[in-house]
Amino acid sequence: MIYLDAAATSPVRREVLEAMWPYLTGEFGNPSSHHAVGESAARALADARAGVASWLGCRASEITFTSGGTEADNLAIKGIALANPRGRHIVTTPIEHEAVLESVDYLVRMHGFSVTFVPVGRDGLIAASDFAAALRPDTTLASVMLANNEVGTVQPIAELAALAHEHGIPLHTDAVQAAGWLPLDVHTLGVDALSVSGHKIGAPKGVGALYMRGRIPVEPLIHGGGQERGRRSGTENVAGAVALAAAARLAAEGLPERVEAATAARDTFVAAVLQEVPDASLTGHATSRLPGTASFVFPGTNGESVLLELERRGVVSSSGSACAAGSEDASHVLLALGYPEDLARTAVRFSWGPEVTPAQLAAVAPAVGDAVRAIASLGQ
Ligand code: PLP
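Draft legend 1. Representation of helix α9 (residues 255-276). When the terminal C-alpha atoms of α9 are compared, their 31 Å separation across 22 residues agrees well with the 32 Å that a helix rising 1.5 Å per residue should span. Restricting attention to buried positions, one finds in α9 the residues L255, R258, A262, A265, R266, F269, V270 and V273. Burial along α9 is one-sided: seen end-on, the buried residues are contained in an arc of 145°. Exposed residues lying more than 90 degrees from the buried face of α9 are P256, E257, E260, T268 and Q275. Elements in contact with the buried residues of α9: α8 (238-252), β9 (281-282), β10 (293-297), β12 (347-351) and α13 (358-378).

Following this line, the structure appears as structure tokens:
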């Protein structure tokens, strides 16, 4: 079996498991406890925070550990928007993850916010001029994902952040899918808040982090004992934080070489799939895209059926984001990119992590061709 659904989740890496193991067993303390067991946990948590901060190029005090990417997005959007007295207007895009879209929707329904969705082109990119035109004097927050989870398009975040800052508006970016593939230095990106999730980079599910710049005001969503500087109460997931820091270290190691190799393997794979299935097309931007994602539409098929055929041939992939799986709706991302609904339903996404070799990836293209031909011959 070859697992090509890394954008949904990835296995915990051995080094990460080894780093977190002591904090699930002997060093099990509560960081708030005033005894040696608790103090040891507090030190591990502080080291993990420093590790994640060094990955993101920020101060340790600017990192809030969360239960994952969804919570980080919720805290950034609801927390920053509700604490910002400028007004009640959000700027975002229609291709964000549900964690962002639903948080914005909550602000609209429950707090009288309005929202402007910046349109995206067929390649998934938003134009800086459209973004600038959406900003208003009462805009409290802009949120634009760094890389899209379905089509892999990478946005020009530094340029957008500079535009937002011209108007004094903070910019949040969801970097959950970019993590492990793109450098995430928050100063180079120029962002005020950035979300990451552990399970996309070899840490377990259920841990993530939110960077928030300096003293940016934020309204907590989870109230209680005041942990995480009052921004996120609840006894800290020490082992999870240690795991995230260990995975972050691995994500930063040898990044340029990894990206170069993955980009070459991806381009070979894309060319081979397009040769196997001449009427298929790659979705997303041709070059401004993640090295580990390639998503296609296969006209005349049904994405879910192609997935099943692929699985019978030992290839595990996805018809879009796992979070939308189970729903019969066509991908909101492809619809926003302008794909007609019937074509959007033919999408299949392949995504991989560093453990997949170029040779393994190359071997998948003929299976894709076989699967699509099998579906076409059934007239599905
Ligand atoms: N944002 C993006 C872009 C994602 O792809 C995902 C997960 O697929 C999330 C947020 C949610 O992260 P988590 O699964 O850690 O809640």
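The rest of the description comes next.
Draft legend 2. Layout of the domain arrangement of the protein chain. Per the domain assignment, the segments of the protein chain are domain 1 (2-8 + 254-377) and domain 2 (14-252). Its C-alpha centre places domain 1 at a distance of 27 Å from the equivalent point of domain 2. The three residues of domain 1 that bury the most area against domain 2 are L290, H332 and L337, which together make up 23% of that side's buried surface. Counting the contacts that link domain 1 with domain 2 gives 0 salt bridges. Our count for the contact surface shared by domain 1 and domain 2 stands at 16 residue pairs in polar contact (both at pLDDT 80 or more). Contributions of two or more residues to the side of domain 1 that touches domain 2 are made by α9, β10 and α11 (332-336). For the side of domain 1 that touches domain 2, the residue count by class is 18 nonpolar, 14 polar and 3 charged.

Draft legend 3. Spatial organisation of the site of the ligand. Neighbouring the ligand are 14 residues, the closest being T70, D174, Q177, S197 and K200. Here an oxygen atom of the ligand sits 2.6 Å away from a polar atom, N or O, in the side chain of T70. Q177 places a polar side-chain atom, nitrogen or oxygen, 2.7 Å from an oxygen atom of the ligand. Protein chains shield 89% of the accessible area of the ligand, which is 390 Å² for the free molecule. Ranked by residue count, the leading element in the shell around the ligand is helix α3 (residues 69-83), at 3 residues. Classifying every residue of the shell around the ligand by side-chain character gives 3 nonpolar, 8 polar and 3 charged.

Analysis parameters
- Residues numbered from 1 in each chain as written.
- Predicted model: local features only at pLDDT ≥ 70, side-chain atom pairs only at ≥ 80, totals over all residues.
- Heavy atoms only, no water.
- Helix = DSSP H or I, 4+ residues; strand = E, 2+ residues; numbered from the N terminus.
- Expected span 1.5 Å × (residues − 1).
- Buried < 20%, exposed > 50% of the residue type's maximum accessible area, 1.4 Å probe, protein only.
- Arc of directions from axis to C-beta.
- Contact = heavy atoms within 4.5 Å.
- Domains from an automatic or database assignment.
- Buried area = accessible area lost by both parts, 1.4 Å probe.
- Salt bridge = Lys/Arg side-chain N within 4 Å of Asp/Glu carboxyl O.
- Polar contact = N/O pair within 3.5 Å; in protein donor to acceptor, adjacent residues only side chain to side chain.
- Nonpolar A, V, L, I, M, F, W, Y, C, P; charged D, E, K, R; others polar.
- Near = heavy atom within 4 Å.
- Areas by Shrake-Rupley, 256 points an atom, 1.4 Å probe, with all protein chains shown as cover.

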